[in-house]
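Analysis of the macromolecular model
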Amino acid sequence: MSTTRPPASAPAPSAVEVDRRLYRRTQTTRSVLISLASTAVVAVLAWLFVINTPGWASVQQTFFDPAVAVKAWPRVFDGLLLNIRVLIVAALGVLVVSIVIATVRTLRGPIFFPLRALAAGYTDLFRGTPLIIVLYLVGFGLPGLGVFPRLPPEFWGTIALVLVYSAYVSEVFRAGIEAVHPSQRLAARGLGLSHYQTLRLVILPQAVRKVTPALMNDFVAMQKDVGLISILGAVDAVRAAQIETAATYNFTPYVLAGLLFVVLALPMIRLTDWYSARVRRREQIGSII
């Protein structure tokens, strides 16, 4: 016969703990009231200096016309789908190319000097060249050679994005690889792992974990720059907005395209903030310096 004991009641908080809880509630209430007050002040200032200006009606009709936005929505949204496809392919290409370049730059030994020099020259060249110039050179220069078949402009835009962003991301990967303590490499080699196995199983996983927030920020930046493929003639969201603007003499389609890019980037931005805070809490063991 088994007897069940009644659950023990939680001990009553001490007077010091009660005072702490009361102080926290007071501070929370105070913070909420200050936030509401500051929001109201910002709203009033926006109304005074933007909406209440003499030219606001004209600006609203030219840039924020709901009827024009609804009419331009199908074409701009179809263009955004093209941007998303280019973004996915370019992100995969950047991931592969940047890891290869970062690995080459971390090779040791004089025999690898030519490869390290080429990798360093690549990163210096494409980090220093504006993306729009690379788009012109790749999108109009390479097809002009006459050795490539006729390809859509979004293909050349993807190539240009991969070339430029691989230079940036490879430096992020290289920083992560060099941040791994040398004892990790020595321990792996001591266990009998080859150089390739050490890099793949020990170094790269730790390096990626260290630089994940920076990689996510680069991805957010590429989400915006993917709209530059419109200068090559690809009918993406930006070019579709340009076509609609030319037809209606109204800039609302550009605002619509910008808002769609913001909506596209917001999930990754929030995920980056969450992951960065998670890493900070883990490294600081719950304390914020």
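Quantities reported herein were computed from a predicted structural model and do not represent experimental measurements. Each chain carries its own residue numbering, running from 1 in the direction its sequence is written. Local features in a predicted model are, by the rule used here, given only for residues with pLDDT of at least 70; side-chain atom pairs are given and counted only at 80 or more, and totals for whole chains, interfaces and linings are based on all residues. Side-chain measures here rest on the full set of heavy atoms in the structure, leaving out hydrogens and waters.

**A few points about the overall build of the chain**
- Looking only at helices and strands, the chain features 10 helices and zero strands.
- For a compact globule of 289 residues, the expected C-alpha radius of gyration is about 19 Å, and the chain comes in at 27 Å, more than 25% above that figure.
- Referenced to the eigenvectors of the C-alpha coordinate spread, the extents of the chain come out at roughly 85 × 75 × 45 Å.
- Pairs of residues are marked as contacts when any of their non-hydrogen atoms sit within 4.5 Å. Summarising the internal contacts of the chain: among those between residues at least 6 apart in sequence, 74% fall at separations of at least 24. Only DSSP runs of H or I covering at least 4 residues are called helices, and only runs of E covering at least 2 are called strands; the numbering of each starts at the N terminus. Both definitions apply: the radius of gyration is a C-alpha atom measure, and the globule rule equals 2.2 Å times residues to the power 0.38.

**Topic: the nonpolar core**
- Only buried Ala, Val, Leu, Ile, Met, Phe, Trp, Tyr and Cys residues count toward a nonpolar core, and they belong to the same one when joined by side-chain atoms within 4.5 Å. Each residue's exposure class comes from its accessible area (1.4 Å probe, protein chains only) as a fraction of the maximum for that residue type: buried when under 20%, exposed when over 50%, partly exposed otherwise. Core analysis: the largest hydrophobic core is formed by 51 residues, its most contacted members being Val 76, Leu 161 and Met 222.
- The greatest single-element share of this core, amounting to 12 residues, is contributed by helix α3 (residues 66–105).
- If you look at the next biggest cluster of nonpolar residues, it comprises six residues, including Met 216, Val 220, Tyr 275 and Val 279.

**With respect to the packing of aromatic side chains**
- Ring geometry is summarised as follows: Phe, Tyr and Trp rings, the Trp one being its six-membered ring, pair when their centres sit within 6.5 Å, and such pairs are stacked at plane angles under 30 degrees, edge-to-face over 60 and tilted between the two. Scanning all chains against the criterion turns up eight aromatic pairs.
- Judged by centre distance (5.2 Å) and plane angle (20°), the rings of Trp 73 and Phe 77 are stacked. Remark: Phe 77 and Trp 73 occur in helix α3; sequence separation between them is four residues, near one turn of the helix.
- Look at Trp 73 and you get partly exposed, because its relative accessible area is 38%.
- Aromatic pair Phe 148 and Trp 156: ring centres 5.5 Å apart, planes at 75°, arrangement edge-to-face.

**Digging into unusual backbone geometry**
- At Tyr 249, a position not held by glycine, the phi torsion is positive, near 55°.
- For Tyr 249, a relative accessible area of 73% corresponds to the exposed category.

**Some words on a nonpolar patch on the surface**
- On the surface, Val 41, Val 44, Leu 45, Trp 47, Leu 48, Phe 49, Val 50 and Ile 51 cluster together to form a nonpolar patch covering roughly 750 Å² of accessible area.
- Tracing the backbone shows Val 50 in helix α1 (residues 15–51).
- Taking relative accessible area as the criterion, Val 50 reaches 40% and is therefore assigned partly exposed. Residues form patches when they are more than 30% accessible in relative terms and have no salt bridge. Like charges link within 9 Å. Nonpolar side chains (Val, Leu, Ile, Met, Phe, Trp, Tyr) link within 5 Å. Accessible surface area values rest on a Shrake-Rupley calculation with a 1.4 Å probe, where residue burial reflects the displayed protein chains alone. A side-chain nitrogen of Lys or Arg and a carboxyl oxygen of Asp or Glu constitute a salt bridge if their distance falls within 4 Å.

**Here's the deal with the pattern of salt bridges**
- By the definition in use, this model includes six salt bridges.
- The shortest N-O distance in the salt bridge between Arg 105 and Glu 171 comes to 2.8 Å. With Arg 105 in helix α3 and Glu 171 in helix α6 (residues 153–179), this pair connects stretches of sequence that are 66 residues apart.
- Using a relative accessible area of 14% as the deciding quantity, one classes Glu 171 as buried.
- We note a salt bridge from Asp 124 to Arg 127, for which the minimum N-O separation is 3.8 Å. Here Asp 124 and its partner Arg 127 are both found in helix α4 (residues 113–128), three residues apart, which amounts to about one turn of the helix.
- The exposure class of Arg 127 is partly exposed, given its relative accessible area of 36%.

**Here we look at the packing of helix α7 (residues 182–190) against helix α8 (residues 195–225)**
- Note on geometry: axes are lines fitted to C-alpha atoms, helical ones only across the stretch in contact, with angles between N-to-C directions running from 0 to 180 degrees. Interhelical geometry of α7 versus α8 gives an angle of 145° and a closest axis separation of 10 Å. Two packed elements cross with a definite hand, and for α7 against α8 that hand is right-handed. Residues Gln 184, Arg 185, Ala 188 and Arg 189 of α7 form the contact with α8, whose own contacting residues are His 195, Thr 198, Val 202, Ile 203 and Gln 206.
- Tallied by class, the residues present in the contact of α7 with α8 amount to three nonpolar, four polar and two charged. Crossing handedness: left-handed means the near helix sits turned counterclockwise from the far one by under a right angle, and right-handed means the same turn made clockwise. In this classification, the charged set is Asp, Glu, Lys and Arg, the nonpolar set is Ala, Val, Leu, Ile, Met, Phe, Trp, Tyr, Cys and Pro, and all remaining amino acids, among them Gly, are polar.

**Comments concerning a positive patch on the surface**
- A surface patch of like charges, here positive, comprises Arg 209, Lys 210, Arg 278, Arg 280, Arg 281 and Arg 282.
- Elements represented by at least two residues in the positive patch include exactly α8 and α10 (252–284).
- Element by element, the count of residues in the positive patch is highest for α10, at four residues.
- Among the structural elements, Arg 209 can be located in helix α8. Charged residues are defined here as Lys and Arg on the positive side and Asp and Glu on the negative side; His and the ends of the chain fall outside this count. One atom stands in for each charge, and that atom is NZ of Lys, CZ of Arg, CG of Asp or CD of Glu.

**With respect to the environment of Pro 253**
- Take Pro 253: it is sitting in helix α10.
- Classification of Pro 253 as buried rests on a relative accessible area of 0%.
- As a C-alpha pair, Pro 253 and Val 32 span 221 residues in sequence and 37 Å in three-dimensional space.
- The contacts of Pro 253, once residues within four sequence positions are left out, are Val 68, Ala 72, Ala 241, Glu 244 and Thr 245.

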